[in-house]
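# Coordinates in review
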Amino acid sequence: MAFVVSSGQLAVTGAGVTTGYAAMPLQAAPWEYEAIWRTQPQVRTVIGFLARNIAQLGIHTFRRLSDTDRERLTDHPLAQLLAAPLPRLTTYRFVERWVADCALYDNAYQIKIKVDGQLRLLPVPPTLIRPYGGNWIAPDYYETAGGRDFGPDEVVHTHGYSPENLTYGSSPMEALRDLLLESTEASKQRAAMWKSGARMTGVITRPVEAEWGADDRRRFREMWRTFAAGGGAEGGTPILEDGMEYKPIALNPQQAQYVEARKLTREEVSAAYFIPPPLIGILDHATYSNIREQHAHLYQDTLGPWMVMIQQEIQSQILPDLPDSNGVYCEFNIDAKMRGSFEEQAAAASTATGGPWMTRNEIRARNNLPAVEGGDELIVPMNVTEGGLASPRDTAPPPDALPKARGLALVKSGRPSDLGTADGEREALAASLVKFTERATGKLLTAAGAKADGMPDLLALWAAGSKDRLAQLSALLADHGFRLAQVGAWTVLSEWNPDAEGWSADVMLAWILAAAETHAEQHEEAGRKAVARVQEAEAESWQGDLRQAAASLATDAAVRAATASTELTSFGGHDAASSSGLTKKIWRTGGKNPRPSHKAQDGERVSLDDVFSNGLRWPGDGSGKTAELVNCNCTLDYAKEE
């Protein structure tokens, strides 16, 4: 690989290109990066987490045939090289070392060698190889501990960012050095304490008037040293003379906060590698829902940049040395990790291949499957028409048939087995409402873009599908609302009325349908107003403004789902409390940043049929002021008359 450098041009920047030694990225003893990895459990945990999670994925090789099609290659030289980088070296171990070296040193090296006429890669520890000579753009060669030199085109060098040059990276260990040193010194102090029988440092005081000769002083000193040195005398009792007192002067374990300090070290190390703490065992603020979300984000935000880096290094440093590389590339196989449950995958596949927005070959290409004959035609089911549904999985009964078409099961006794948690049902409603909103605004964007030049009548386009949207939206909200109300009801019933005597879920249905219709109308009106603002502005950038309005409406949908969830859950609990003979309700303020009015009434107690000081019957009560409802996370407790 040749570099053409113009010193005259670059010298103008004040950082001229000069020949010189490219310093090793390793620092002086005793805190070499290798020693840090061996002795610091937090560093080893985090780096092992990164390396193992990426190594388990495997790398697949493909050839791009078109923008929508590609084929998997198993006999290409790149696929064979990645499957066996060296004889008896697996892909897992190869990728694990690659990632671990980059994570620890911010540098990873492999030497290109020939074995039986085929290209192979020999991983080299960064302590045994270094860039030498050249300039800040590239070294002249790579020097190894064995005295052998290799040219830049003979070494695959992966490195991160360094502010000094472009030839090697700067390890995160440098930023963590002081923190890790502090942790090590704390460990030494604890070890010394336990070695001394868990005795803390202290002083011995004696009365001034007590007589103490030289022989007495020497005898007592030897006795105390024998008792305290080296441990082994735990449980023994030293004899103090002449009114002596022992006064500890060191921090006790509680004051030293040993557990908190170790946890802080792991949190700081995980932050340096952008890993969410719950994924490496710090579960202080973990819940089922946020761990599930963080697991999904793991292969996008945390491991995604690492995988992209390795894929591009293979593309730029390895693939050019292989034959028949036109259109060839590789990808980590994250499909299995990113897919949901079997039911979620089946629903997504049915929607994608049965709706009129994606062909079968397009979805096959996304799943690394070859195209099939006839798969480029859109499938338009008979029940999907202009202004109708976007997928054969959807249902849209007319508004007047909603109660009849809902088919909701009536709960007489016992909590339904398929009923989720409050957080789970809340997230399900949010996902459905956001998806519905994105689908509705997507239709509007498509219809507006298909018109002639100039801004069309956006309000007319939006109004054309209003009736169908209201019907679908009311059905969606009623379905999720019924489940949320049952969750709230059974939260109360499980404590006060486990047999659900005098209570039936079907009694709540009429109220839920009315609430669903109200929320549907409010959401539809919010969409109309957003479109009207774009229409009234009459700006040349109306298409961008419309896309922005669509994104804003999707965000509003998530907020509306949270507000509606609080209202429905609270209503269900209130209804169950009334049927169970409870007479008092107590407001419990929730959320990280509650409203001042809600915070002030935390613990406020009123009769079951009364309203609280903010005018609400329960958190999220739709009859109250909007300022008291949006994103409310408060709850209610109940009690019987005292």
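The following refers to the structure shown. (Residues numbered from 1 in each chain as written. Predicted model: local features only at pLDDT ≥ 70, side-chain atom pairs only at ≥ 80, totals over all residues. Heavy atoms only, no water.)

## A look at helix H11 (residues 304-318)
Note on helix geometry: an α-helix contains 3.6 residues per turn, so any two residues three or four positions apart are oriented the same way. A rise of 1.5 Å per residue sets the reference length of H11, with its 15 residues, at 21 Å; its end C-alpha atoms lie 21 Å apart and thus fit the reference within 8%. Burial in H11 covers these residues: Gly 304, Trp 306, Met 307, Ile 310, Gln 311, Glu 313, Ile 314, Gln 317 and Ile 318. (Helix = DSSP H or I, 4+ residues; strand = E, 2+ residues; numbered from the N terminus. Expected span 1.5 Å × (residues − 1). Buried < 20%, exposed > 50% of the residue type's maximum accessible area, 1.4 Å probe, protein only.)

## Observations regarding the environment of Thr 583
Mapping Thr 583 onto the fold places it in the loop between helix H20 (542-579) and strand E12 (584-588). By relative accessible area, Thr 583 is classed as partly exposed at 28%. Spatially, the C-alpha atoms of Thr 583 and Asp 609 are 8.0 Å apart, while their sequence positions differ by 26 residues. Setting aside chain neighbours within four positions, we find Thr 583 in contact with Val 606, Ser 607, Leu 608, Ala 639, Lys 640 and Glu 641. (Contact = heavy atoms within 4.5 Å.)

## Some remarks on the sheet that holds strand E7 (residues 149-150)
One open sheet holds the 3 strands; their spatial order is E5-E6-E7, and the pairing between them is antiparallel. Of all strands in the sheet, those bounded by a partner on one side alone are strand E5 (129-132) and E7. Pairing analysis gives 4 bridges linking E5 to strand E6 (residues 141-144), with the strands arranged antiparallel. From the neighbouring strand, Pro 131 faces E6, where its bridge partner is Tyr 142. (Pairing = 2+ DSSP bridges.)

## Here's the deal with unusual backbone geometry
With a phi angle near 65°, Asp 106 is a residue other than glycine that sits in the positive phi range. In this structure, Ala 500 takes a positive phi of about 55° despite not being glycine. Looking at the element boundaries, Ala 500 is found in the loop between helix H18 (466-496) and helix H19 (509-537). For Ala 500, a relative accessible area of 3% corresponds to the buried category.

## Some words on the state of the cysteines
Using the criterion set out here, one finds 0 disulfides in the structure. With no disulfide of its own, Cys 632 has Cys 634 as its nearest cysteine by sulfur position, at a separation of 3.8 Å. Look at Cys 634 and you get buried, because its relative accessible area is 4%. (Disulfide = S-S within 2.5 Å.)

## Let's talk about empty space enclosed by the protein
With the rule as written, the count across this model stands at 3 cavities of 30 Å³ or more. Lining the largest cavity are Thr 441, Leu 444, Leu 445, Trp 462, Gly 527, Ala 530, Val 531, Leu 546, Ala 549, Ala 550 and Leu 553. Looking at the lining of the largest cavity, the elements that each hand over two or more residues are helix H16 (422-449), H19 and H20. Take the lining of the largest cavity: its biggest share by element is 4 residues, from H20. Counted by class, the lining of the largest cavity contains 9 nonpolar, 2 polar and no charged residues. Empty space within the second largest cavity amounts to approximately 40 Å³. Around the second largest cavity, the lining residues are Phe 436, Thr 437, Ala 440, Trp 462, Arg 469, His 523, Glu 524 and Leu 553. Taken together, the elements giving at least two residues each to the lining of the second largest cavity come down to H16 and H19. The element contributing the most residues to the lining of the second largest cavity is H16, with 3 residues. Grouping the amino acids of the lining of the second largest cavity by side-chain chemistry returns 4 nonpolar, 2 polar and 2 charged. (1 Å grid on protein atoms, 1.4 Å probe; cavity = no way out; pocket = protein on both sides within 12 Å on 5 of 7 lines; lining within 4 Å. Points joined across faces, edges and corners; volume = space filled by probe spheres on them. Nonpolar A, V, L, I, M, F, W, Y, C, P; charged D, E, K, R; others polar.)

By themselves, these observations are geometric and do not establish any function.
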